[in-house]
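# Chains, contacts and geometry: an overview
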Amino acid sequence: MAAARRGLADERPRGGGLRPLFAISPGRPAAYYGAMFTGIVEETGTVEQIRPAAKSIELTVRTRVCAPGLKVGSSLAINGCCLTVVKLTRRGPGKLAQFDLLKETWQRTNLQFARPGSQVNLERPLRADGNLGGHFVTGHIDGIGRITRWERVGQDHVLDIAAPPEVMRYVVFKGSMAVDGISLTVAGVQKRAFRIWIIPHTYEVTALRERQVGDAVNLEADLLGKYVEKFIAARGR
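Quick caveat: nothing in here was measured; it's all calculated off a predicted structure. (Residues numbered from 1 in each chain as written. Predicted model: local features only at pLDDT ≥ 70, side-chain atom pairs only at ≥ 80, totals over all residues. Heavy atoms only, no water.)

Hydrogen bonds between backbone atoms are what pair the strands of a sheet, whose relative direction is either parallel or antiparallel. The six strands are arranged 7-8-11-10-9-12 in a closed barrel whose pairing can be described as antiparallel. Pairwise comparison of adjacent strand axes, ignoring direction, gives a mean angle of 45° for this sheet. Where strand 8 (residues 156-162) meets strand 11 (residues 193-198), six bridges bridge the pair, whose relative direction is antiparallel. Residue pairing for strand 11: Ile161 is matched across the bridge by Phe194. (Pairing = 2+ DSSP bridges. Helix = DSSP H or I, 4+ residues; strand = E, 2+ residues; numbered from the N terminus. Axes fitted to C-alpha atoms, helices over the stretch in contact; angles between N-to-C directions.)

Counting residues in hydrophobic clusters, the biggest one holds 22 residues, and the most contacted among them are Met177, Val179, Phe194 and Leu219. Those elements that place two or more of their residues in this core are strand 7 (143-153), strand 8, helix 3 (165-168), strand 9 (176-179), strand 10 (182-189), strand 11 and strand 12 (216-221). In this view, Val179 contacts Ile161, Leu184, Ile196, Val217, Asn218 and Leu219; residues no more than four positions away in its chain are not counted. Counting residues in each nonpolar core, the second largest holds 19 residues, with Val47, Cys81, Phe99 and Leu101 among its members. (Core = buried A, V, L, I, M, F, W, Y, C linked by side-chain atoms within 4.5 Å. Buried < 20%, exposed > 50% of the residue type's maximum accessible area, 1.4 Å probe, protein only. Contact = heavy atoms within 4.5 Å.)

Turning our eyes to something else, we now look at the pattern of salt bridges. Within the structure shown, the criterion is met by nine salt bridges. Between Asp142 and Lys226 there is a salt bridge, with its nearest N and O atoms 2.8 Å apart. Taken together, the residues span a long stretch of sequence, with Asp142 in the loop between strand 6 (119-123) and strand 7 and Lys226 in helix 5 (residues 223-235) at a distance of 84 residues. Put simply, Asp180 and Arg211 hold a salt bridge, and the shortest N to O gap is 2.8 Å. Of this pair, Asp180 sits in the loop between strand 9 and strand 10 while Arg211 sits in the loop between helix 4 (200-205) and strand 12, and the two are 31 residues apart along the sequence. Arg211 carries the same exposure label as Asp180, and that label is buried. (Salt bridge = Lys/Arg side-chain N within 4 Å of Asp/Glu carboxyl O.)

Taken in spatial order, the six strands close into a barrel running 1-2-5-4-3-6, and their pairing is antiparallel. Strand after strand, the sheet turns through a mean of 45° between neighbouring axes, direction not considered. As defined by bridge partners, strand 3 (residues 75-78) adjoins strand 6 across two bridges and the pair is classed as antiparallel. The residue bridging Ile78 from the neighbouring strand is Leu122, located in strand 6.

What follows is the structure in structure tokens.
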């Protein structure tokens with residue numbers, strides 16, 4: 001599996017073997033500790049069910065590769081959004097993992113557009129001694145982008161995404177951007193949009209293969225840029 005994971009963020013070298021960031025104490029969910037990801041998708045899971053509940057929206061996803069070691073309280077990035085497992089069921093191959101989505105998460109992510117049968121990108125948290133194959137991804141979505149161009153050019157695919165101002169302020173040429181949880185390299189920047197080139201491997205092993213023009217994608221800008229902005233603003237006071 002490690003070999004299959006290399007190259008997901010296009011031209012940069014990749015590693016494998018992701019596991020939880022650090023040991024989790026009994027009774028506390030992994031999200032309590034602030035799980036960290038790298039944008040290296042481990043598998044595409046299948047949405048089995050979406051059901052409104054009294055205080056949340058219940059999302060159930062089938063996972064196979066990420067199933068080993070997954071427990072109630074574990075964190076899992078779904079299309080780049082860090083969620084906590086609240087229930088696990090064995091039914092057929094792999095496991096069914098259930099998550100409770102609050103209204104804030106539902107409205108700020110493209111999970112609101114998911115349907116039973118939809119493919120979603122899955123990644124377990126990074127171990128402290130794991131390989132940082134992509135870039136630091138927190139699992140906190142900054143905004144929703146819209147695909148404006150998505151077509152094959154030669155062996156690759158070109159992906160243009162229109163993004164809101166709060167995301168575009170952190171987009172830089174050759175910088176990193178997490179798109180639906182995939183660590184990708186920005187190949188072009190415009191005022192309200194940016195471009196990414198997708199290699200065949202990334203297309204084949206992620207949920208991008210299901211996307212179409214007009215679809216929503218989750219965006220998380222590079223964390224380092226946010227810290228730099230804050231430090232500079234503090235020095236200017």
